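Below, each chain spelled out in residue letters.
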Amino acid sequence: MSKTLRIATRQSQLAMWQARHVQARLATALPDTEVALLPISTEGDRVTDRPLSAIGGKGLFLKELEAALAAGEADLAVHSMKDVPAELPAGFALPVVLAPASPLDAFVSNTYANPEEMPAGAVVGTSSLRRAAMIKHMRPDLEIVSLRGNVQTRLAKLDAGDYDAILLACAGLERLELAARIRCELTPEQSLPAIGQGVLGIEIRADDTDTAEAIGHLDDEYTHVRIDAERAVNARLEGSCHLPIAAHATHDGRSLYLRACVGRPDGSVMVRDEITGPVGEAAELGHRLAERLLAAGADKILADLS
Ligand SMILES: NCc1[nH]cc(CCC(=O)O)c1CC(=O)O
C-alpha cells in the first residue's frame, strides 16, 4: 500500500454508513490506496435537547470535520448534501456528489398509513421547519411537536407513543435498512424535498489536487446538475437546511425542471414556483427561481425567522 486516504466522519449510524459506503467505493477503485475512517464527535450530535434551528444554523454538522481537514488529519469528509450550506468556508471544495438515493420525505407511523388518515389534532414529530411547513400546509389541523436525535432515537420516541407520526428522509431510513418503517413516501407535491436530500457529497481542502484526482471518478453527472440548480436556490436565499426552504430538480440531460418553495413553519403561507430551462444553465435557473420566490413573499417569511 503506497497511499492513504483518511475519511473524517460523524459518528451517528447514518454518518458511519455513508462514510463506509464511500470507503468501500474508493477501496474498490483504488487497490493501491488504504482508505481509513476517522470518526469525530460534532456539536450537532452532542446537543439533542434543543431544536437545531436554535443552536447553530448553517454548517453545524460540518465544522469539526472541516477542522480535521484543515489540520491535515483527514483528506476527505462525507456529508449528506442536505446538511451542507450553500457557501463553503474559504479553503474547502466539494468536487464530488454521488448518485442519489430517494430524495423524498417519509411518513412514519404505527397507526396511520398516510397523513390523510390522521384525525384532527394528531401529533406529528419533526424539528424540520420545512417539513413542519409542508405538513401544516396540507393539514392545518395537525399538531407539530419537536423531535430531535438520530434516526434510531426518533423512531424509538415514535414507538414510545410520544407522536402519532413522524417525518424523516426516505434516504436515511433506506441506508439504515429501516425502509420497512416507511408507511408512505410523500410526493414532491405534498412535501417538496430539502435541497440536496438523498445525495452524498465529498468535501476536501480546495488545494488538495491529489485527493481531488483520486476521488473524481465517483462524481455522478446527473446528480451534479441537480445539485448545482438546487444549491443556487439556497445561495440566493442565503438558506440552510434549518430554514423552511425546499428545492428539487430533475432533468433528462437537456432540459431541467426545478421546483422550489418557502413556507411559514405554521403552514399558513407557502410560496411556490417552478422553472424549466437548459441543464447548462442549472445555476442561473436556480438563481432566477429564488429571485421570483423572494419577490412573491419569501423575503418576508425568511426575514421573520431570522
Ligand atoms: N439532518 C439529518 C439528516 N441529514 C440527512 C438525512 C437523511 C439522508 C439524506 O437526506 O441524504 C438526515 C435524517 C433525516 O432528515 O431524516
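Before reading on, note that the structure itself is shown above.
As a starting point, this report considers the structure included with it. (Residues numbered from 1 in each chain as written. Predicted model: local features only at pLDDT ≥ 70, side-chain atom pairs only at ≥ 80, totals over all residues.)

## Some words on the overall build of the chain
Note the cut-off: The numbering of helices and of strands both runs from the N terminus, where a helix is a DSSP run of H or I of at least 4 residues and a strand a run of E of at least 2. Residues with at least 20 neighbouring C-beta atoms inside 10 Å of their own are called buried, those with 12 or fewer are called exposed, and the rest are partly exposed, where every C-beta is derived from the backbone. Contact between two residues is assigned whenever their backbone-derived C-beta positions fall within 7 Å.
A count of helical and extended segments in the chain gives 10 helices and 13 strands. Each of the three principal axes of the chain carries a C-alpha extent, and together these read 60 × 45 × 35 Å. Sorting the 306 residues of the chain into buried and exposed places 44% on the buried side. Across the chain, the fraction of contacts at a sequence separation of at least 24, relative to all contacts at a separation of at least 6, is 72%.

## Notes on the sheet that holds strand β7 (residues 143-145)
In any sheet, the strands associate via hydrogen bonds between backbone groups, in a parallel or an antiparallel arrangement. We count it as follows: Strands were regarded as paired on the criterion that DSSP finds at least two bridges between them. Convention adopted: a line fitted to C-alpha atoms gives each axis, helices being fitted over their contacting stretch, and angles between N-to-C directions are expressed from 0 to 180 degrees.
What the five strands build is an open sheet, ordered β7-β6-β8-β5-β9; its pairing is mixed. In this open sheet, the two strands that pair with only one neighbour each are β7 and β9 (184-185). Where helix α6 (residues 151-159) meets the sheet, its contacts fall on β5 (105-108), β6 (123-125) and β8 (165-169), and the angle it forms with β8 comes to roughly 165 degrees.

## Re helix α9 (residues 221-237)
Working note: α-helix, 3.6 residues per turn, so residues spaced by three or four point in the same direction. So the rule is basically this: Multiplying one less than the number of residues by 1.5 Å gives the expected span of a helix.
Compared with an ideal rise of 1.5 Å per residue, which puts 17 residues at 24 Å, α9 spans 25 Å between its outermost C-alpha atoms and is within 8% of the ideal. Of all the positions in α9, only T223, V225, R226, I227, A229, E230, R231, A232, V233, N234, R236 and L237 are classed as buried. Taken together, the buried residues of α9 touch β4 (92-97), β11 (245-251), β12 (255-263) and α10 (282-305). Positive backbone phi, at 55 degrees, marks E238, one or two positions downstream of α9.

## A word on the site of the ligand
The test is simple: Nearness rests on one distance test: the residue's C-beta atom, set from the backbone, must lie within 6 Å of the molecule or strand. In this classification, Asp, Glu, Lys and Arg are treated as charged, Ala, Val, Leu, Ile, Met, Phe, Trp, Tyr, Cys and Pro as nonpolar, and every other residue, Gly included, as polar.
All residues in the neighbourhood of the ligand are listed as S80, K82, D83, V151, L168, A169, A171, G172, Q197 and G198. When the residues that make up the shell around the ligand are grouped by side-chain class, the tally is four nonpolar, four polar and two charged.

## What to know about the environment of L256
If you trace the backbone, L256 turns up in strand β12. Judged by local crowding, L256 falls into the buried class, with 23 C-beta atoms found within 10 Å. With near-sequence residues (within four places) excluded, L256 lies in contact with V225, A229, A249, H251, T276, G277, P278, V279, A282 and L285.

## Observations concerning the pairing of β11
In terms of burial, β11 is a largely internal element, five of the seven residues being buried. What sits between β11 and β12 in their antiparallel hairpin is a turn of three residues, with G253 showing a positive phi close to 95 degrees.

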